[in-house]
Structure formats: C-alpha cells, structure tokens
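Examining the three-dimensional arrangement
Spelled out, the chains give:
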Amino acid sequence: KRLLFVAAATERLFSDWREPGTTAVIPNGIDTARIAHEREALDRRAVRAELGVDDQCYMITCVGTTTRRKGQDVLLSAMPAVISGLKGRNAKLFLVGAREIDFLDLLREMIGKLGLHEYVQLVPETPEVGQYYAASDVVVIPSREESAPLVSLEAFAYGVPLVSTPAFGLSEQL
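Structure report, in brief. Given the structure is predicted, the values throughout are model-derived calculations rather than measurements.

Pairing between the strands of a sheet is mediated by backbone hydrogen bonds and can be parallel or antiparallel. Spatial ordering of the open sheet is given by β5-β4-β3-β6-β7, a layout of five strands whose pairing is parallel. At either end of the open sheet lies a strand with only one pairing partner, and these are β5 (120-124) and β7 (162-164). For this sheet, the mean inter-axis angle between neighbouring strands, taken without regard to orientation, is 25 degrees. Relative to the sheet, helix α7 (residues 150-158) contacts β3 (58-63), β6 (138-141) and β7, its axis offset from that of β6 by approximately 165 degrees.

Listed below in structure tokens is the structure:
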C-alpha cells in the first residue's frame with residue numbers, strides 16, 4: 001500500500017502517521033498544449049469587454065470554490081488597500097467559484113461592509129475559467145490550506161502573474 005501526495009509539504013504533514021517508504025509524491029500537472037491553444041484563441045480585449053472590464057481597469061482573479069480554506073475573505077479584507085494603492089485606477093476582482101454555502105453569505109456580507117460592491121463580482125463555479133485567466137492582470141491564491149492547486153499552474157500557463165500565500169505545496173510550485 002502507498003499513499004500518494006501532490007506535494008512534499010503535504011506528505012510531511014502525515015509523517016507521524018505513516019510508515020517510512022509507504023508514500024510517494026506525484027505533482028499535479030496540466031495540459032499545457034490545450035491551454036496554449038485556448039490562450040491563442042482568446043482575444044484579451046474582447047474577453048475583457050465581454051466581462052465588462054475596460055483596458056484601463058486592473059483585473060484581479062481568484063479561482064476556487066468559495067470556502068474558508070481557500071481564503072477569499074482574506075483577499076476581500078485586502079481589497080481596500082489594493083484599490084487605494086492603484087491611485088485612482090479602477091480595479092475589479094472576480095471571485096470565480098461561488099458556491100451557495102454559508103461562507104458565500106459571509107463573503108457577500110464583507111463585500112457590503114467594505115463597500116466593495118462595484119469592485120467585486122461573484123462568478124458561480126464553472127469549468128470554463130480560461131477567459132478569466134486570459135483577461136486578468138493578476139491571479140491571487142489567498143488559501144489558508146492548499147496542497148498543490150491547478151490554479152497556480154493554469155495561471156503560469158496563461159502567462160498571468162500570480163500572488164499567493166505560501167500554504168503547503170504552493171511554495172513548492174512557486
């Protein structure tokens with residue numbers, strides 16, 4: 001029997017509960033050829049127009065099912081400082097992966113309390129995330145816990161800068 005992990009950092013978390021030699025790390029992978037094809041087919045300006053984002057807007061994307069461990073609340077807390085730091089330049093944050101659970105209600109409440117309604121768009125879960133990467137100026141992964149997400153690999157494949165927490169396998173990927 002073997003336990004498989006997608007990151008050495010996650011494997012280390014289980015070191016006290018496994019016998020030596022019973023684990024292996026197989027990092028996540030993505031189909032970069034497929035993404036390159038999709039990337040070529042997407043016109044950044046057209047996609048941004050479709051999403052309601054003009055050329056001057058700084059587009060921030062966070063892809064991941066809305067849940068506490070993914071840390072979207074941490075990102076929302078930082079948004080007023082991000083907006084202020086852009087010195088008058090418009091910003092738009094797309095939270096892609098909105099799932100109707102209690103945590104999403106918390107995020108909606110935060111958006112209201114922080115006055116972010118005009119800056120944040122909640123996008124339901126979708127397998128079609130390529131357009132968001134293609135249109136983004138930056139992808140953010142604010143996760144509290146994360147083994148080795150595909151989002152970071154996809155952002156790299158789309159050539160989008162990535163800002164991330166160092167949670168577990170994320171630091172290995174970076």
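This brings us to the packing of helix α4 (residues 72-85) against helix α5 (residues 102-113). Close contact between α4 and α5 brings their axes to 10 Å; oriented N to C, the two are set at 0 degrees. In terms of their interaxial angle, α4 and α5 are classed as roughly parallel. Mapping the contact onto sequence places Gln72, Asp73, Leu76 and Ser77 in α4 and Phe103, Leu107, Met110 and Ile111 in α5. When its residues are assigned to classes, the contact of α4 with α5 shows five nonpolar, two polar and one charged.

What follows concerns the pairing of β3. Across the six residues that make up β3, a large majority, five, are buried. The pairing of β3 with strand β4 (residues 91-98) spans six bridges and is parallel. If you follow Thr61 over to β4, its bridge partner there is Phe94. With two bridges connecting them, β3 and β6 associate as parallel partners. Paired with Thr61 across the strands is Val139, a residue of β6.

Right, let's get into the side chain of Lys70. Here Lys70 is to be found in the loop between β3 and α4. Residues contacting Lys70, with those up to four places away along its chain left out, are Thr65, Pro142, Ser143, Arg144 and Glu146.

The subject of this paragraph is the pattern of salt bridges. Oppositely charged side chains can form a pair if their charged atoms are brought close together. Applying the stated criterion across every chain yields a total of eleven salt bridges. Between Asp55 and Arg45 there is a salt bridge, with its nearest N and O atoms 2.7 Å apart. Taken together, the residues span a long stretch of sequence, with Asp55 in the loop between α3 (44-50) and β3 and Arg45 in helix α3 at a distance of ten residues. Taking relative accessible area as the criterion, Arg45 reaches 56% and is therefore assigned exposed. As a salt-bridge pair, Glu125 and Arg99 come within 2.8 Å of each other at their nearest N and O atoms. Of the two residues, Glu125 sits in the loop between β5 and α6 (130-135) while Arg99 sits in the loop between β4 and α5, which places them 26 residues apart along the sequence. Judged by its relative accessible area of 38%, Glu125 falls in the partly exposed class. Given the relative accessible area of 39%, Arg99 is considered partly exposed. Via salt bridges that share partners, Arg44, Arg48 and Asp137 belong to a single interconnected network.

Thresholds, definitions, all that
Residues numbered from 1 in each chain as written. Predicted model: local features only at pLDDT ≥ 70, side-chain atom pairs only at ≥ 80, totals over all residues. Heavy atoms only, no water. Pairing = 2+ DSSP bridges. Helix = DSSP H or I, 4+ residues; strand = E, 2+ residues; numbered from the N terminus. Axes fitted to C-alpha atoms, helices over the stretch in contact; angles between N-to-C directions. Contact = heavy atoms within 4.5 Å. Parallel < 35°, antiparallel > 145°, perpendicular 65-115°, else oblique. Nonpolar A, V, L, I, M, F, W, Y, C, P; charged D, E, K, R; others polar. Buried < 20%, exposed > 50% of the residue type's maximum accessible area, 1.4 Å probe, protein only. Salt bridge = Lys/Arg side-chain N within 4 Å of Asp/Glu carboxyl O.

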